[in-house]
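Structural features, examined
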Amino acid sequence: MRRVAQLLLSLAVASAAWAQPKDPREAAAPAAAKPAAKAVAKKPAASRPAWAELPAEQQQILAPLKPGWETLEPERKKKWVGIAKRYPKMKPEQQARVQRRMHEWASLTPEQRRQARENYRAIAKKVPPERRKELREQWAEYQSLAPAERENLVHEPVKPAPRKKKP
């Protein structure tokens, strides 16, 4: 299960890196290529919790997300609040990693985030269907674990996957 979590996290980070334009001028290009129907950005209705409703501790943890918090979709806010709730129980190196990745994600433009999500979906589609089903089952099993059990998995050494012998 730890391998599944690492794989999913690696794919998300890698897709975010792929979405980064190599030339700053490229950052504006994708927006110009959008069809006119999508050119008008819709501001989502305010969703809860509003930034001001978050406890001070969560505001401090989620500070990199403050500028765009009110435009986040409710499910994304829920995800970030969940991370903020687990944050105090994390080891310092885990907290540093979360902060680093949060800063990286917050620094992406909406277009880069969209591209990162698309890249992640494209990579996930390349996984054979039977393996995808297996990964979904393993992920569901991991998600159903108590936080203490998840923490134990984080500290287990990763066993290398069995290698297929070439004929």
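Look up a bit, the structure's there.
All of the points below concern the structure found in this document. Keep in mind the model is a prediction, meaning the values are calculated, not measured. (Residues numbered from 1 in each chain as written. Predicted model: local features only at pLDDT ≥ 70, side-chain atom pairs only at ≥ 80, totals over all residues. Heavy atoms only, no water.)

For the protein chain, the helix and strand inventory stands at nine helices and zero strands. Ordered by position from N to C terminus, the α and β elements of the protein chain give α-α-α-α-α-α-α-α-α. Buried residues in the protein chain amount to 25% of all 167 residues. For the protein chain, long-range pairs separated by at least 24 residues make up 63% of all intrachain contacts whose partners lie at least 6 apart in sequence. Carbon and sulfur atoms provide 58% of the accessible area of the protein chain, an area that totals close to 12,500 Å². (Helix = DSSP H or I, 4+ residues; strand = E, 2+ residues; numbered from the N terminus. Buried < 20%, exposed > 50% of the residue type's maximum accessible area, 1.4 Å probe, protein only. Contact = heavy atoms within 4.5 Å. Areas by Shrake-Rupley, 256 points an atom, 1.4 Å probe, with all protein chains shown as cover.)

One way to put it is that helix 6 (residues 92–107) packs onto helix 7 (residues 110–126) with a least axis distance of 8 Å and a crossing angle of 115°. In terms of axis orientation, helix 6 runs roughly perpendicular to helix 7. Contact residues: helix 6 offers W105, A106 and S107, while helix 7 offers Q112, R113, A116 and R117. Partitioning the contact of helix 6 with helix 7 into residue classes produces three nonpolar, two polar and two charged. (Axes fitted to C-alpha atoms, helices over the stretch in contact; angles between N-to-C directions. Parallel < 35°, antiparallel > 145°, perpendicular 65-115°, else oblique. Nonpolar A, V, L, I, M, F, W, Y, C, P; charged D, E, K, R; others polar.)

Purely spatial values, then, with no claim about function.
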